[in-house]
Amino acid sequence: MRIGQLSERTNTSRRLLRYYEEQQLIVSTRAANGYREYDERLADRVLQIRGLLDAGLPTRIIRQILPCLDKPRTIHFSDATPEMIATLTEERDRITQRINCLVRNRDAMNEYLEVVTGGDPAATG
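Residues numbered from 1 in each chain as written. Predicted model: local features only at pLDDT ≥ 70, side-chain atom pairs only at ≥ 80, totals over all residues. Heavy atoms only, no water.

S.K.: When you look at the side chain of Ser-28 in this model, what are you seeing that I'm missing?
M.R.: Counting through the fold element by element, Ser-28 comes out in the loop between α2 (14-22) and β1 (29-30). For Ser-28, the side chain forms a polar contact with the side chain of Glu-21, separated by 2.6 Å. Sequence-distant contacts of Ser-28, that is, excluding residues within four places in its chain, are made with Glu-21, Arg-36, Glu-37 and Tyr-38. (Helix = DSSP H or I, 4+ residues; strand = E, 2+ residues; numbered from the N terminus. Polar contact = N/O pair within 3.5 Å; in protein donor to acceptor, adjacent residues only side chain to side chain. Contact = heavy atoms within 4.5 Å.)

As structure tokens, this is what we get:
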């Protein structure tokens, strides 16, 4: 697929897709006319990358953990340094804190909605 198609399927700007490629997060081939061509499977990869970026991970960390997203049962880093492990541990813990905060906020909204709708689940969608 071409960059425009990937952009539409992932709701990601073409500029950002080119940046992901520059950061070696995704790869493309070049068609005879010079246009970028992307594998269909990259749509899921782009969504994973966006999720990791939204969680606050820098691209240098994402680049290193991307292989794990494809085959989580075969995780192995021969070059994992103590610093890398510490960084990933810190990032994981930070993400966990954000998840816990989001869950608390969601639960508070649910409680509020129950009160203002009189407990009618149909009123909250």
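S.K.: Looking at this structure, how should I read the nonpolar core?
M.R.: Most often, soluble globular proteins keep nonpolar side chains buried together rather than apart. In terms of nonpolar packing, the biggest core is built from 19 residues, with Leu-6, Leu-17, Tyr-20, Ile-26, Tyr-38, Ile-49 and Ile-62 touching the most fellow members. The set of elements that each furnish at least two residues to this core consists of α1 (3-10), α2, α3 (42-54) and α4 (59-70). In terms of residue count, the dominant contributor to this core is α3 (five residues). When sequence neighbours within four positions are dropped, the list of residues in contact with Ile-26 reads Leu-17, Tyr-20, Glu-21, Tyr-38, Leu-42, Arg-45, Val-46 and Ile-49. (Core = buried A, V, L, I, M, F, W, Y, C linked by side-chain atoms within 4.5 Å. Buried < 20%, exposed > 50% of the residue type's maximum accessible area, 1.4 Å probe, protein only.)

S.K.: Quick question: what am I supposed to make of the packing of α1 against α2 here?
M.R.: In a pair of packed helices, the angle between the axes and the distance between the axes together describe the arrangement. Two elements in contact, α1 and α2, have axes separated by 9 Å at closest approach and are oriented at 105 degrees. Accordingly, the angle class assigned to the pair α1 and α2 is roughly perpendicular. Touching Ile-3, Gly-4, Leu-6 and Ser-7 of α1 are Arg-14, Leu-17 and Arg-18, all from α2. Taken together, the residues of the contact of α1 with α2 break down into three nonpolar, two polar and two charged. (Axes fitted to C-alpha atoms, helices over the stretch in contact; angles between N-to-C directions. Parallel < 35°, antiparallel > 145°, perpendicular 65-115°, else oblique. Nonpolar A, V, L, I, M, F, W, Y, C, P; charged D, E, K, R; others polar.)

S.K.: It is not clear to me how the side chain of Thr-12 should be interpreted in this structure. Could you clarify?
M.R.: Inspection of the secondary structure assignment puts Thr-12 in the loop between α1 and α2. Here Thr-12 falls in the buried class, since its relative accessible area comes to 2%. Reaching out from Thr-12, the side chain makes a polar contact with the side chain of Thr-10 at a distance of 3.1 Å. Setting aside its immediate chain neighbours within four residues, Thr-12 contacts Ser-7, Leu-17, Tyr-20, Val-46 and Arg-50.

S.K.: For this particular structure, what's the right way to read the packing of aromatic side chains?
M.R.: What describes a pair of aromatic rings is the distance from one ring centre to the other and the angle between the planes of the rings. Under the counting rule described, the total for this entry stands at one aromatic pair. Between Tyr-19 and Tyr-20, the ring centres sit 6.5 Å apart and the planes meet at 55 degrees, which makes this aromatic pair tilted. (Phe/Tyr/Trp six-rings, centres within 6.5 Å; stacked < 30°, edge-to-face > 60°.)

S.K.: Any chance you could explain a nonpolar patch on the surface here in plain terms?
M.R.: There is a patch of nonpolar side chains on the surface, built from Tyr-112, Leu-113, Val-115 and Val-116 and spanning about 410 Å² of accessible area. Structurally, Leu-113 is set in helix α5 (residues 82-116). Under the relative-accessibility criterion, Leu-113 is labelled partly exposed at 32%. (Patch = residues over 30% accessible without salt bridge, like charges linked within 9 Å, V, L, I, M, F, W, Y side chains within 5 Å. Areas by Shrake-Rupley, 256 points an atom, 1.4 Å probe, with all protein chains shown as cover. Salt bridge = Lys/Arg side-chain N within 4 Å of Asp/Glu carboxyl O.)

S.K.: For this particular structure, what's the right way to read a positive patch on the surface?
M.R.: Side chains of Arg-2, Arg-14, Arg-15 and Arg-18 sit close together on the surface and give a patch of like positive charge. With respect to the helices and strands, the residue Arg-14 is situated in helix α2. The exposure class assigned to Arg-14 is partly exposed, which follows from its relative accessible area of 44%. (Lys, Arg positive; Asp, Glu negative; His and termini not counted. Charge placed at Lys NZ, Arg CZ, Asp CG, Glu CD.)

S.K.: I keep staring at the environment of Gln-48 and nothing clicks. Help me out?
M.R.: Note on placement: Gln-48 falls in helix α3. For Gln-48, a relative accessible area of 30% puts it in the partly exposed group. Distance in space between the C-alpha atoms of Gln-48 and Leu-66 is 8.8 Å, their sequence separation being 18 residues.

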